Amino acid sequence: TGKILVIFGVLLTIAGIIVERTIVAPNFNLQIITGFGILLIGIAVANLVTYRIGSKDPILMKRLAAEMQDERTVDIKARAGNRAFWVSTLLIYALLMWSSFSANGSLPRLSDDVLWFVLAGCVLIPFIVYISSIVIEQNRR
């Protein structure tokens, strides 16, 4: 899987760069193609590293697989996911309310740049909540 993802990632990245340089007035930001290729490469590297570690130490991989299915670990991840879900729900609700109030002039409109950062925050902040919840819960018990 890792090797296939690397190939697709490299092809998408190259295609994205070529398309960015050849199309003069695109209807949307073509860097998304390159960005998706880079994302695939990152996922591929993670898969390949995991496979390498597993092939060198199969006992460690069996222990990690058993730990991933442990009830305590599953419970911690479920609670962390629930917290992240509520945080993302609140962030997106706040953004929707801002957008509604700015449409009738009660609040200033968000510029495209600010909106991009707010949307990125709606993705990153719940992820940070999820990871930190897992770390805190694992250290607590």
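Above: the structure in question.
The text that follows walks through the structure, step by step, so that each part is easy to find. (Residues numbered from 1 in each chain as written. Predicted model: local features only at pLDDT ≥ 70, side-chain atom pairs only at ≥ 80, totals over all residues. Heavy atoms only, no water.)

### Looking at the environment of A25
Right, on to step 1. Relative to the assigned elements, A25 resides in the loop between α1 (2–22) and α2 (31–56).
Right, on to step 2. The class of A25 is exposed, set by a relative accessible area of 63%.
Right, on to step 3. Along the sequence, A25 and I53 sit 28 residues apart, while their C-alpha atoms lie 46 Å from each other. (Helix = DSSP H or I, 4+ residues; strand = E, 2+ residues; numbered from the N terminus. Buried < 20%, exposed > 50% of the residue type's maximum accessible area, 1.4 Å probe, protein only.)

### Observations concerning a nonpolar patch on the surface
Right, on to step 1. Together, V123, L124, F127, I128, I131 and V135 line one region of the surface with nonpolar side chains, adding up to about 570 Å² of accessible area.
Right, on to step 2. Summarising the element assignment, I128 is placed in helix α5 (residues 112–140).
Right, on to step 3. What makes I128 exposed here is its relative accessible area of 54%. (Patch = residues over 30% accessible without salt bridge, like charges linked within 9 Å, V, L, I, M, F, W, Y side chains within 5 Å. Areas by Shrake-Rupley, 256 points an atom, 1.4 Å probe, with all protein chains shown as cover. Salt bridge = Lys/Arg side-chain N within 4 Å of Asp/Glu carboxyl O.)

### Some remarks on the pattern of salt bridges
Right, on to step 1. Inspection of every chain in the model, using the stated rule, returns four salt bridges.
Right, on to step 2. For the salt bridge of R79 with E137, the shortest nitrogen-to-oxygen distance reads 3.0 Å. Remark: E137 occurs in helix α5 and R79 occurs in helix α4 (residues 71–103); sequence separation between them is 58 residues.
Right, on to step 3. Taking the relative accessible area as the measure of exposure, R79 reaches 26% and is therefore partly exposed.
Right, on to step 4. Accessibility expressed as a relative area gives 3% for E137, which makes it buried.

### Structural notes on the side chain of T73
Right, on to step 1. Its place among the elements puts T73 in helix α4.
Right, on to step 2. Residue class for T73 comes out buried when judged on its relative accessible area of 6%.
Right, on to step 3. Those residues in contact with T73 that sit more than four places away from it in its chain are E67 and M68. (Contact = heavy atoms within 4.5 Å.)

### Concerning α5
Right, on to step 1. Along its 29 residues, α5 runs 41 Å from first to last C-alpha, staying within 8% of the 42 Å computed at 1.5 Å per residue.
Right, on to step 2. The sharpest bend along α5 comes to roughly 25°, located at C122, with the proline P126 sitting one to four residues further on.
Right, on to step 3. Where α5 is concerned, the buried positions are G121, C122, P126, S133, I134 and E137.
Right, on to step 4. Packed against the buried residues of α5 are α4. (Expected span 1.5 Å × (residues − 1). Bend = angle between axes of the 7 residues up to and from the residue.)

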